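# Survey of secondary and tertiary structure
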Amino acid sequence: MRIATAGSCVYIDVRSRLPTLVPRDDRERQVIQAWRRAGLKDGSIAVYLTWVRRFRAHLRSQGIDEAGHATHAEVMLYAKSYSGPRRGRRVKQRSRQIVRNAILTTLEAVGSST
């Protein structure tokens, strides 16, 4: 891990062996750091991050601003109605629980409304 400063901002390089864990923006960087502080391992973070990225893509496709409208209710609706990309069917209940947990912990990490 590498720490760099720019003005009053501190940037922590959170790259790892998993290419999935390279953050795409500052929000993802914050979330990855929060998950690491909470003790999640890279494998779990990679799975969670995949679901968070799918959820964010869903919000963008619906024209929903994630910062103001990514609520607990929206997460629950998404997790319940998500259809897998390969089979086009709803995913199993355990996967829906993972979706819900991943996204809700993300909202907590970035301080969004729930």
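Position labels on residues start from 1 in each chain and follow its written sequence. Local features are withheld for residues below a pLDDT of 70 in this predicted model, meaning they are given only at 70 or higher, and side-chain atom pairs are given and counted only at 80 or more; totals for whole chains, interfaces and linings count all residues. Remark: hydrogens and water are excluded; side-chain values derive from all non-hydrogen atoms of the structure.

### Some remarks on the nonpolar core
The criterion, for reference: Nonpolar core, defined: a set of buried Ala, Val, Leu, Ile, Met, Phe, Trp, Tyr and Cys residues in which side-chain atoms within 4.5 Å join the residues together. Exposure classes here rest on a 1.4 Å probe applied to the protein chains alone. A residue is buried below 20% of its type maximum, exposed above 50%, and partly exposed in between. Strands here are runs of E lasting at least two residues and helices are runs of H or I lasting at least four, both read from the DSSP assignment and numbered beginning at the N terminus.
Counting 22 residues, the largest nonpolar core has Trp 35, Trp 51, Phe 55, Val 75, Tyr 78, Val 99 and Ile 103 as the members making the most contacts within it. Elements that contribute at least two residues to this core include exactly helix H1 (26-37), helix H2 (42-61), helix H4 (72-81) and helix H5 (93-110). The element best represented in this core is H2, accounting for eight residues.

### Things to note about the packing of H2 against H4
Selection rule: Every angle, taken between N-to-C directions, lies between 0 and 180 degrees, and every axis is a line fitted to C-alpha atoms, over only the stretch in contact when it is a helix. For this classification, under 35 degrees means roughly parallel, over 145 means roughly antiparallel, 65 to 115 means roughly perpendicular, and everything else is oblique. Contacts were defined at the residue level, with two residues in contact if any of their heavy atoms lie within 4.5 Å. Residues were grouped as follows: Ala, Val, Leu, Ile, Met, Phe, Trp, Tyr, Cys and Pro as nonpolar; Asp, Glu, Lys and Arg as charged; and all remaining residues, including Gly, as polar.
The N-to-C vectors of H2 and H4 enclose an angle of 105°; their axes lie 11 Å apart at closest approach. Relative to H4, H2 is oriented roughly perpendicular. Contact with H2, carried on its side by Arg 54, Phe 55, His 58 and Leu 59, involves Glu 74, Val 75 and Tyr 78 of H4 and no other residues of that element. A per-class count over the contact of H2 with H4 returns four nonpolar, one polar and two charged.

### A short note on the pattern of salt bridges
Note the following rule: Criterion for a salt bridge: a side-chain nitrogen of Lys or Arg within 4 Å of a carboxyl oxygen of Asp or Glu.
Under the criterion given, the structure shown has five salt bridges. Between Asp 26 and Arg 29 there is a salt bridge, with the nearest N and O atoms lying 2.9 Å from each other. Separated by three residues within a single helix, Asp 26 and Arg 29 lie in helix H1, roughly one turn from each other. Taking the relative accessible area as the measure of exposure, Asp 26 reaches 46% and is therefore partly exposed. On the accessibility criterion, Arg 29 (23% relative accessible area) is partly exposed. The residue Arg 36 makes a salt bridge to Asp 42 at a minimum N-O spacing of 3.0 Å. Via salt bridges that share partners, Asp 25, Glu 28, Arg 53 and Arg 56 belong to a single interconnected network.

All quantities given are derived from atomic positions and should not be read as evidence of function.
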